[in-house]
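Examining the three-dimensional arrangement
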Amino acid sequence: RENFIHVCNPHLEKMKEDILYHFALGTGTHDFPALFGDVKFVCVGGSASRMKSFTAYIAEELGLGSPGDNYPNICAGTDRYAMYKVGPVLSVSHGMGIPSISIMLHELIKLLHHAKCSNITIIRIGTSGGIGLEPGSVVITRQSVDATFKPQFEQVILGKTVIRHTDLDDQLTKELMQCSKEINQFNTVIGNTMCTLDFYEGQGRLDGAICLYSEEEKLQYLKEAYDSGVRNIEMESSVFAAMCNLSGVKGAVVCVTLLNRLEGDQINSSHDVLVEYQQRPQKLVGYFIKKRLGKV
C-alpha cells in the first residue's frame, strides 16, 4: 500500500511554481520526482556537519559509498540548511529550536509531496540533556511534552492559540527499541521528551546570564519532570511530532543524552567522548534502515 505525503494546504494547488526558499530549490527549476522520488527514509538533525557525517556513515553501511567519498550539499545555494542524499536516504540539518526546524519541515514536507514520495519514515537524530540517566544513554521518544509536561504543541495562528498533539508512531518506536536490543552497544530507553523554547531558563539551568530561581527549585522541577515520565530535554520534538502527524508521516525522535541534569548543567565530557556519544543515534538509526532494507 502506497502512503503518500498529506499536505494540509489547498492553496498549493493554485500555485504555478513552489519555491522552497530556505532550501534554494523550486518546482520550476528542479525535477523533484527525479531528484527525490526514491527517498524512503529522511533523517534530520541540528548540525549540518553531523548530517553530512551521517550521510557518509549510512552510505558505507548500505554499501553505496566508500571512505573519503564526497557528498554534495543539495542546498548549497543557501546557508540556512544542508541536505545530502545517498540511495533512499535523505539527510537534512534543521538548526536549533522550534522555529528553525518548523521552517525546514514545511519545506521538506512539500519537497516529499512534489517528489511523489510514499511510505516515508522521518527520524530526528540528535543530542539532549538526560534526566535520571547516565550520560551516553539513548532515548527513543514516546511522546513530546511541553515545559508543563503536557503532550501538546501550542502555536498562535491568526491571533488564535492552536493546540496539536505530539504522540509519535508507537510501532516505529518499538521497532527502534528492538533494533537497539539487537545491536546491544549502549543503554536505550523509551520515554517522554520535554521540548522547551530555550536552552537556559526554559530548561531550569543555573548557568545562564539570567537565573532568578534557586537550585532547590530547579531540582524539584526536574524531579517532577522525571516523575511524569520525562527522560530527556531538547528543543525540537514537539513541532516535529505535530507536523509528522498532520502530514501522515511515521516519525520518531532518537536522541543521546550528553549529561544527567540532576547532577549538573554544563557539558564537561571530553571532545572524544562527546563525538562517540553523538554517533550512537546514528548507529541505531543506521541499523534500523539496514534492517528495513533487508541488509542485516
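All figures in this text were calculated on a predicted structure; none of them were measured in a lab.

On to the overall build of the protein chain. Summing up its helical and strand segments, the protein chain has seven helices and 12 strands in all. Relative to the globule expectation of 19 Å for 296 residues, the C-alpha radius of gyration of the protein chain, 19 Å, shows essentially globular dimensions. Its C-alpha atoms put the protein chain at 55 × 50 × 35 Å along the principal axes. Counting all 296 residues of the protein chain, 49% fall into the buried class.

You can see Ser180 is positioned in helix H4 (residues 170–183). Non-local contacts of Ser180, meaning those with residues more than four positions away in its chain, are made with Phe186, Thr188 and Leu284.

Attention now moves to the packing of aromatic side chains. All chains considered together, the criterion is met by five aromatic pairs. Between Phe149 and Tyr221, the aromatic rings sit 5.5 Å apart at their centres with planes inclined by 25 degrees, giving stacked as the arrangement. Within this pair, whereas Phe149 is found in the loop between strand E7 (138–145) and strand E8 (152–157), its partner Tyr221 is found in helix H5 (residues 215–227), the two being separated by 72 residues in sequence. Between Phe199 and Tyr200, the aromatic rings sit 5.0 Å apart at their centres with planes inclined by 80 degrees, giving edge-to-face as the arrangement. The class for Tyr200 is partly exposed, based on a relative accessible area of 36%. Above the plane of the ring of Phe199 lies Arg205, whose end atom (NZ or CZ) is 3.8 Å from the centre. One Lys or Arg, Arg231, reaches over the ring of Tyr226 and ends 3.7 Å from the middle of that ring.

What follows covers the side chain of Lys218. Take Lys218: it is sitting in helix H5. Looking at Lys218, its side chain comes within polar contact range of the main-chain oxygen of Arg261, at 3.4 Å. A distance of 2.8 Å separates a polar atom in the side chain of Lys218 from a polar atom in the side chain of Asp265. Sequence-distant contacts of Lys218, defined by excluding residues within four places in its chain, comprise Gly204, Leu206, Tyr213, Arg261, Gly264 and Asp265.

This part is about the nonpolar core. In this structure, Phe23, Val42, Leu108, Leu111 and Leu112 are the most contacted members of the largest nonpolar core, which totals 40 residues. Going through the elements one at a time, helix H1 (32–36), strand E3 (41–45), strand E5 (89–93), helix H3 (98–114), helix H6 (237–247) and strand E12 (250–260) are the ones with two or more residues in this core. Residue contributions to this core peak at eight residues, all from H3. With residues up to four places along the chain from it excluded, the contact list for Leu108 reads Phe23, Val42, Val44, Leu90, Val92 and Ile122. Ala59, Leu258, Leu274 and Ile289 belong to the second largest nonpolar core, which has 34 residues in total.

Another point: the UniProt feature "binding site: phosphate" (unreviewed entry) in the protein chain. Following the UniProt record, one finds the feature "binding site: phosphate" (unreviewed entry) at Arg80, Arg124, Ile125, Gly126 and Thr127. Here Arg124 lies in strand E6 (residues 121–130). Under the relative-accessibility criterion, Arg124 is labelled buried at 2%. When neighbours within four sequence positions are excluded, Arg124 is seen to be in contact with Val44, Gly46, His94, Ile101, Glu234, Glu236, Phe240, Ala252, Val253, Val254 and Cys255. A distance of 3.0 Å separates the side chain of Arg124 from the side chain of Glu234, its partner in a polar contact.

Turning our eyes to something else, we now look at the packing of helix H2 (residues 48–61) against helix H7 (residues 271–292). At a minimum axis separation of 10 Å, H2 and H7 run at an interaxial angle of 40 degrees. For the element pair H2 / H7, the angle class is oblique. Crossing hand, H2 versus H7: right-handed. Two secondary-structure elements touch here, H2 through Arg50, Ser53, Phe54, Tyr57, Ile58 and Glu61 and H7 through Gln278, Gln282, Lys283, Val285, Gly286, Ile289 and Lys290.

Scoring rules and cut-offs
Residues numbered from 1 in each chain as written. Predicted model: local features only at pLDDT ≥ 70, side-chain atom pairs only at ≥ 80, totals over all residues. Heavy atoms only, no water. Helix = DSSP H or I, 4+ residues; strand = E, 2+ residues; numbered from the N terminus. Rg over C-alpha atoms; globule rule 2.2 N^0.38 Å. Buried < 20%, exposed > 50% of the residue type's maximum accessible area, 1.4 Å probe, protein only. Contact = heavy atoms within 4.5 Å. Phe/Tyr/Trp six-rings, centres within 6.5 Å; stacked < 30°, edge-to-face > 60°. Lys NZ or Arg CZ within 6 Å of the ring centre and 35° of its normal. Polar contact = N/O pair within 3.5 Å; in protein donor to acceptor, adjacent residues only side chain to side chain. Core = buried A, V, L, I, M, F, W, Y, C linked by side-chain atoms within 4.5 Å. UniProt positions renumbered as here; feature names shortened; annotations may be inferred. Axes fitted to C-alpha atoms, helices over the stretch in contact; angles between N-to-C directions. Parallel < 35°, antiparallel > 145°, perpendicular 65-115°, else oblique. Left-handed = near helix turned anticlockwise from the far one by under 90°.

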